[in-house]
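The residues making up each chain are set out below.
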Amino acid sequence: MGTSLNTPAALLQSELGASLKGRDFLALADYTPEEIMFLIELGVALKKTQKSGEPFQPLKGKTLGMIFEKSSTRTRVSFEVGMYQLGGHALFLSRNDLQLGRGETIDDTARTMSRYLDGIMIRTYGHRNVVELARGATIPVINGLTDLSHPCQALADYMTIFEHKGKLQGLKIAYIGDGNNMVHSLMLGACKLGMHIAVATPENYDPDEEVADIARDVMQQTGATYTHHRDPREAVKGADIVYTDVWASMGFEAEQAAREIAFKDFQVNAALVKHAKPDYLFMHCLPAHRDEEVSSDVIDGKHSIVFDQAENRLHAQKAIMAAIM
Ligand code: CP
Ligand code: NVA
């Protein structure tokens, strides 16, 4: 990886690169380990090209529609900037301003938008909305977060780990907290990439069993492992990466108080990270609630790479868009 032959243009023209054209990006489960590594490599190459100041605009004249039903800072800005850097254009579409908000069906929306656009990114609640949109659309659809998963974030995260550690296979990632959309995508990614993922959640907040079953299936083929724990210290033991996310995700704000009680022993703090490897990395998809799921000294400390993760949303998503659109 990283040789001068691996320019974004050369990667996109390769057999693997060309084979991704027209695909949706709904879940890491739909991509092979080779395809995921390809997108990471393309993300790294696009980052290098962008930083060199050299323009690379394979999406000239193309438009991405971005449907948002939930708030966003990173996803909105990185997709819009990413499209601009690739020579294309992005449209911000809030659900309330679309006829979708007045009851037009997802299928009719997908069919209409396919007549104007070259790709759609959607952030929504139910995962079935994304699946339905992709079924109705004749253009690629990208999952920008659902209640079930957040694959763009996980791809950017594995790119970030790869940059810091020089490899992915064999590394141990510990996820502490809520069994939510973030951990689901991290589990699928880790299992595809031959990593060891240990997840610690309190009772009643476990990862989805169907996602865990897919992860277990995948790990048979890749040598990865997935373990589930109630004691965060057990999960963090010997970890290369310690990852956490908010205790109440978007759509679950009403449960905040109850969740603060349920998660009180699941804060990532100085005492917990003592059990990780001395050169561990701390990761969080952001936005973070300092001194809730993570103590300020850990998220602002020297092991934290949270803003590298945020930056890599741009580069990893440019890889996705350049490959599939
Ligand atoms: N991590 C992430 O998706 O951030 P936003 O909610 O700000 O897009
Ligand atoms: N789990 C969080 C991720 C935000 C990027 C949420 O869904 O709110």
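Rules used throughout
- Position labels on residues start from 1 in each chain and follow its written sequence.
- The naming scheme follows written order: chains are lettered A onward, ligands numbered 1 onward.
- The model is predicted, so local features are restricted to residues of pLDDT at least 70 and side-chain atom pairs to those at 80 or more, both for listing and for counting; the totals for chains, interfaces and linings are taken over all residues.
- The basis for the side-chain values is all heavy atoms of the structure; hydrogens and waters are excluded.
- Axis geometry follows a simple rule: fit a line to the C-alpha atoms, using only the stretch in contact for helices, then measure angles between N-to-C directions, giving values from 0 to 180 degrees.
- The secondary structure listing takes helices from DSSP runs of H or I that are at least 4 residues long and strands from runs of E that are at least 2 residues long, numbered from the N terminus.
- Roughly parallel means an angle under 35 degrees; roughly antiparallel means over 145; roughly perpendicular covers 65 to 115; every other angle is labelled oblique.
- Crossings are sorted by hand: turned counterclockwise from the far helix by less than a right angle, the near helix makes the crossing left-handed, and turned clockwise it makes it right-handed.
- Should any heavy atoms of two residues lie within 4.5 Å, those residues are counted as being in contact.
- As a working rule, the residues Ala, Val, Leu, Ile, Met, Phe, Trp, Tyr, Cys and Pro are called nonpolar, Asp, Glu, Lys and Arg charged, and the rest polar, with Gly in that last group.
- Buried residues are those whose accessible area, probed at 1.4 Å on protein chains only, stays under 20% of the maximum for their type, while exposed residues exceed 50% and partly exposed ones sit between those limits.
- Definition of a polar contact: a pair of N or O atoms within 3.5 Å, with one able to donate and the other able to accept a hydrogen when the atoms are protein atoms, and with sequence-neighbouring residues admitted only if both atoms are side-chain atoms.
- The near set for a molecule or strand comprises every residue that places at least one heavy atom within 4 Å of it.
- Method for areas: the Shrake-Rupley scheme with a 1.4 Å probe, in which residue coverage is limited to the protein chains shown.
- Salt bridges are identified by distance alone: a Lys or Arg side-chain nitrogen within 4 Å of an Asp or Glu carboxyl oxygen.
- Strands qualify as paired when DSSP identifies two bridges or more between them.

J.: Sorry, what's going on with the packing of helix α5 (residues 106-113) against helix α6 (residues 127-136) here?
T.: Any two packed helices are characterised by the angle at which their axes cross and by the distance between the axes. Closest axis-to-axis distance for the α5/α6 pair is 8 Å, and the angle between their directions is 45°. The angle between α5 and α6 places the two elements in the oblique class. Judged by the twist between their axes, the crossing of α5 over α6 is right-handed. Listed contacts from α6 to I106, D107, A110 and R111 of α5 are N129, E132, L133 and G136. Class assignment of the residues belonging to the contact of α5 with α6 gives a composition of three nonpolar, two polar and three charged.

J.: It is not clear to me how the environment of N143 should be interpreted in this structure. Could you clarify?
T.: The residue N143 is located in strand β4 (residues 141-143) in this model. Judged by its relative accessible area of 0%, N143 falls in the buried class. Residues N143 and P287 lie 144 residues apart in sequence; the distance between their C-alpha atoms is 18 Å. Excluding residues within four positions of it along the chain, N143 makes contact with F25, L26, I122, H127, V130, S149, P151 and C152. There is a polar contact of 3.0 Å between the side chain of N143 and the backbone oxygen of L26. In this structure the side chain of N143 is engaged in a polar contact, spanning 3.0 Å, whose partner is the side chain of S149.

J.: What am I meant to see in the site of ligand 1 here?
T.: Around ligand 1, the neighbouring residues are S72, T73, R74, T75, R123, H150, Q153, C285, L286 and R313. Within the contact set of ligand 1, an oxygen atom lies 2.6 Å away from a side-chain nitrogen or oxygen of S72. At 3.0 Å, a backbone N or O of C285 approaches a nitrogen atom of ligand 1. Burial of ligand 1 by the protein chains amounts to 96% of its free accessible area of 260 Å². For the shell around ligand 1, a count of residues per class yields two nonpolar, five polar and three charged.

J.: Explain the pattern of salt bridges here, please?
T.: A side chain of one charge can pair with a side chain of the opposite charge if their charged atoms are brought near each other. Applying the stated criterion to the full structure yields 16 salt bridges. Of the charged contacts in the structure, one is a salt bridge between R216 and D213, with a shortest N-O distance of 2.8 Å. Taken as a pair, R216 and D213 lie in helix α9 (residues 209-222) at a separation of three residues, close to a single helical turn. Given a relative accessible area of 29%, R216 falls into the partly exposed group. In this structure, K264 engages D265 in a salt bridge whose closest nitrogen and oxygen atoms are separated by 3.6 Å. For K264, a relative accessible area of 56% corresponds to the exposed category.

J.: Please clarify how the site of ligand 2 should be interpreted in this entry.
T.: Around ligand 2 lies a shell formed by L145, H150, N180, N181, D245, V246, S249, M250 and L286. Note that a nitrogen atom of ligand 2 is positioned 3.4 Å from one of the side-chain N or O atoms of N180. Interatomic distance of 2.6 Å between a side-chain N/O atom of D245 and a nitrogen atom of ligand 2. Partitioning the shell around ligand 2 into residue classes produces four nonpolar, four polar and one charged.

J.: Help me understand the sheet that holds strand β6 (residues 196-200), please; the structure alone is not making it clear to me.
T.: To summarise the sheet geometry, strands pair through backbone hydrogen bonds and adopt either a parallel or an antiparallel arrangement. Spatially, β7-β6-β5-β8-β9 is the arrangement adopted by the five strands of the open sheet, whose pairing is parallel. Two strands bound the open sheet, and with one partner strand each, they are β7 (225-229) and β9 (281-284). On average, adjacent strands in this sheet sit at an angle of 20° to one another, irrespective of strand direction. Both strand β5 (residues 172-176) and β6 contribute to a ladder of five bridges, which runs parallel. Residue pairing in the sheet places K172 in a bridge with H196 of β6. In the packing of helix α7 (residues 151-165) onto the sheet, the strands contacted are β5, β8 (241-244) and β9, and the crossing angle to β9 comes to about 165°.

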